[in-house]
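Examination of the molecular architecture
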Amino acid sequence: MKTCNNCGSLSFEDMEQCFDCMSFFAEPLEQGQQGNQDSTARLQVFLAGYFNYELLLRKLDGCSLSVGASSENAIVIPEQQLANHLLEVFYAHGQIWAESTSSTSQATVDKIPLCGTVRIQPGTKIAVGEATITLLEA
């Protein structure tokens, strides 16, 4: 267990955010820590009228972010017509990838329907319903 520096509540070791005060456990980068920046990819998630935030994906083989309507996903898109688990954004073989996990094509990558697995690069936009996920830095 780890203790939140902001509110003092306990959380599991693998949690990246305190669910009592919603602060993040990650330490901000200081000067001289620029090497750590190379170990993460930055994504922006935007849904007009609901949210706009950035999140990090660790650059370790197998690290992934799930996307869908279900609350178990790392990125939850609050639209009822979407699949519960629609796609995965993950790091493998030194690249960032997006993979469809739904039998219905409900996501597009740069306006092309996502079928199977595709490599994405900075600037790539993944549309999921009315939401957009943009890879800012790889």
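Residues numbered from 1 in each chain as written. Predicted model: local features only at pLDDT ≥ 70, side-chain atom pairs only at ≥ 80, totals over all residues. Heavy atoms only, no water.

Considering unusual backbone geometry
Even without being glycine, histidine 93 reaches a positive phi, approximately 55 degrees. Tracing the chain through its elements places histidine 93 in the loop between β7 (87-92) and β8 (95-100). When its relative accessible area of 69% is taken as the criterion, histidine 93 is described as exposed. A positive phi is found at lysine 111, a non-glycine position, where the angle reads about 75 degrees. Inspection of the secondary structure assignment puts lysine 111 in the loop between β9 (107-109) and β10 (112-113). (Helix = DSSP H or I, 4+ residues; strand = E, 2+ residues; numbered from the N terminus. Buried < 20%, exposed > 50% of the residue type's maximum accessible area, 1.4 Å probe, protein only.)

Quick notes on the sheet that holds β9
The strand order across the open sheet built from six strands is β4-β3-β13-β12-β9-β10, with neighbouring strands paired in antiparallel fashion. Every interior strand has two partners, whereas the edge strands, β4 (51-58) and β10, have only one. Relative to strand β13 (residues 131-137), strand β3 (residues 40-47) runs antiparallel, the two sharing five bridges. By the bridge assignment for β13, phenylalanine 46 is matched with threonine 132. (Pairing = 2+ DSSP bridges.)

Remarks on a nonpolar patch on the surface
Side chains of Met1, Leu10 and Phe12 sit close together on the surface and give an oily, nonpolar patch of about 370 Å² of accessible area. In this structure, methionine 1 sits in the segment before β1 (2-3). (Patch = residues over 30% accessible without salt bridge, like charges linked within 9 Å, V, L, I, M, F, W, Y side chains within 5 Å. Areas by Shrake-Rupley, 256 points an atom, 1.4 Å probe, with all protein chains shown as cover. Salt bridge = Lys/Arg side-chain N within 4 Å of Asp/Glu carboxyl O.)

Focus on the environment of serine 66
Its place among the elements puts serine 66 in strand β5 (residues 64-68). Along the backbone, serine 66 and leucine 87 are 21 residues apart, and their C-alpha atoms lie at a distance of 6.0 Å. Not counting residues within four places of it along the chain, the set of residues in contact with serine 66 comprises Glu72, Asn73, Ala74, Ile75, His85, Leu87 and Glu88. Looking at serine 66, its side chain comes within polar contact range of the main-chain nitrogen of alanine 74, at 3.1 Å. (Contact = heavy atoms within 4.5 Å. Polar contact = N/O pair within 3.5 Å; in protein donor to acceptor, adjacent residues only side chain to side chain.)

Description of the pattern of salt bridges
Counting across every chain of the model gives two salt bridges. A salt bridge links glutamate 54 to arginine 42; its shortest N-O distance comes to 2.9 Å. Within this pair, whereas glutamate 54 is found in strand β4, its partner arginine 42 is found in strand β3, the two being separated by twelve residues in sequence. Given a relative accessible area of 43%, glutamate 54 falls into the partly exposed group. We classify arginine 42 as partly exposed; its relative accessible area is 26%.

Examining the side chain of serine 9
With respect to the element layout, serine 9 can be found in the loop between β1 and β2 (10-11). Judged by its relative accessible area of 12%, serine 9 falls in the buried class. Here serine 9 is in contact with Lys2, Thr3, Cys4, Cys18 and Asp20, once residues within four sequence places are set aside.

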